[in-house]
Amino acid sequence: YIKFSSPIYLKYMTEWDKLCAQRDQAYISLYNSNYNKVLKFSEEALRISSTDREATLLKGFALLKLNNTNSGNSEAQLSNTEIQNLLDNYFNRFPKSTAPAFVLKGIFEYKKGNIESAMTSFDEASILYPKQAEELLDLANIFKIRSSIFRSVESEFISKSYMSMM
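Below: a short report on this structure. In this text, all values refer to a predicted model and were calculated from it rather than measured experimentally.

### Topic: the overall build of the chain
A tally of regular secondary structure across the chain gives eight helices and zero strands. Of the regular secondary structure in the chain, the N- to C-terminal order runs α-α-α-α-α-α-α-α. The buried share of the chain, reckoned over its 166 residues, is 42%. Once local pairs closer than 6 in sequence are excluded, the contacts in the chain between residues at least 24 apart make up 60%. Here the chain has roughly 9800 Å² of accessible surface; of this, 55% comes from carbon and sulfur atoms.

### Regarding the packing of aromatic side chains
The description of an aromatic ring pair uses the distance of the two centres, along with the angle that the planes make with each other. As enumerated under the stated definition, the model contains three aromatic pairs in all. Aromatic pair Tyr90 and Phe94: ring centres 4.8 Å apart, planes at 55°, arrangement tilted.

### Observations regarding unusual backbone geometry
Excluding glycine, most residues fall at negative phi; most peptide bonds, likewise, are trans. Residue Ser33 is not a glycine yet carries a positive backbone phi of 55°. You can see Ser33 is positioned in the loop between helix H1 (2–31) and helix H2 (35–48). According to the relative accessible area criterion, Ser33 is partly exposed, its value standing at 45%.

### Considering helix H5 (residues 99–112)
Taking 1.5 Å of rise per residue, 14 residues should cover 20 Å, and H5 covers 20 Å from first to last C-alpha, within 8% of that figure. Burial in H5 covers these residues: Ala99, Pro100, Ala101, Phe102, Leu104, Gly106, Phe108 and Glu109. Note on H5: the residue one or two positions beyond its end, Gly113, has a positive phi of about 95°.

### Observations regarding the environment of Asn67
Looking at the secondary structure, you find Asn67 in the loop between helix H3 (53–66) and helix H4 (74–93). Sequence spacing of Asn67 and Ser79 is 12 residues, and the spatial spacing of their C-alpha atoms is 6.6 Å. Engagement of the side chain of Asn67 in a polar contact is seen with the side chain of Asn80, the distance being 2.6 Å.

### Remarks on a nonpolar patch on the surface
Residues Tyr9, Leu10 and Met13 make up a contiguous nonpolar surface patch of roughly 320 Å² in combined accessible area. Tracing the sequence through the fold places Met13 in helix H1. Taking relative accessible area as the criterion, Met13 reaches 31% and is therefore assigned partly exposed.

### Examining the packing of H5 against helix H6 (residues 115–131)
At a minimum axis distance of 8 Å, the contact between H5 and H6 shows a crossing angle of 165°. Accordingly, the angle class assigned to the pair H5 and H6 is roughly antiparallel. Seen from above, H5 lies across H6 with left-handed handedness. Mapping the contact onto sequence places Ala99, Pro100, Phe102, Val103, Lys105, Gly106, Ile107, Glu109 and Tyr110 in H5 and Ile115, Ser117, Ala118, Ser121, Phe122, Glu124, Ala125, Leu128 and Tyr129 in H6.

### Re the packing of H2 against H3
How two helices pack is summed up by the angle between their axes together with the distance between the axes. Contact geometry of H2 with H3 gives a least axis separation of 8 Å together with a crossing angle of 150°. Viewed along their axes, H2 and H3 adopt a mutual orientation that is roughly antiparallel. Seen along the crossing, H2 lies across H3 with a hand that is left-handed. Of the residues in H3, those touching H2 at Tyr35, Asn36, Val38, Leu39, Ser42, Glu43, Ala45 and Leu46 are Ala55, Thr56, Leu58, Lys59, Phe61, Ala62, Leu63, Lys65 and Leu66. For the contact of H2 with H3, the per-class residue count stands at 11 nonpolar, three polar and three charged.

Reading the values: the criteria
Residues numbered from 1 in each chain as written. Predicted model: local features only at pLDDT ≥ 70, side-chain atom pairs only at ≥ 80, totals over all residues. Heavy atoms only, no water. Helix = DSSP H or I, 4+ residues; strand = E, 2+ residues; numbered from the N terminus. Buried < 20%, exposed > 50% of the residue type's maximum accessible area, 1.4 Å probe, protein only. Contact = heavy atoms within 4.5 Å. Areas by Shrake-Rupley, 256 points an atom, 1.4 Å probe, with all protein chains shown as cover. Phe/Tyr/Trp six-rings, centres within 6.5 Å; stacked < 30°, edge-to-face > 60°. Expected span 1.5 Å × (residues − 1). Polar contact = N/O pair within 3.5 Å; in protein donor to acceptor, adjacent residues only side chain to side chain. Patch = residues over 30% accessible without salt bridge, like charges linked within 9 Å, V, L, I, M, F, W, Y side chains within 5 Å. Salt bridge = Lys/Arg side-chain N within 4 Å of Asp/Glu carboxyl O. Axes fitted to C-alpha atoms, helices over the stretch in contact; angles between N-to-C directions. Parallel < 35°, antiparallel > 145°, perpendicular 65-115°, else oblique. Left-handed = near helix turned anticlockwise from the far one by under 90°. Nonpolar A, V, L, I, M, F, W, Y, C, P; charged D, E, K, R; others polar.

And the structure:
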């Protein structure tokens, strides 16, 4: 049994470690307000696991920070479409943990000048956070499992950035 299961376990643990390393780099970049790197590392994490919640939220936040929604140029319009698609996909994939996505949606709507829609999204997030607390806090438990992260200098930045996203 061990002979057959060990290679499979090692394969997936290696992939998991790669995913975590990309997300950790994204959180460190977020702490340093380097949104281009947040985008780069979150996209790499999504290449490893296209359904990763954290990487999706990090990418959305980076896109929002990098995007000038009011410029009217075609690049901004492409970015607006990407942000909207990312949020729509998040809402569809993770209906039990939508509160952080409503915060991002509120920021997106605010940047577009839709103040009323932004406030509605922020209100929705404030209502959902207590209801989704267990689901959202469960996502933070991975940092407890990955005890090695707390041995690094960057651990405080990563865990605080993570908790602020959730």
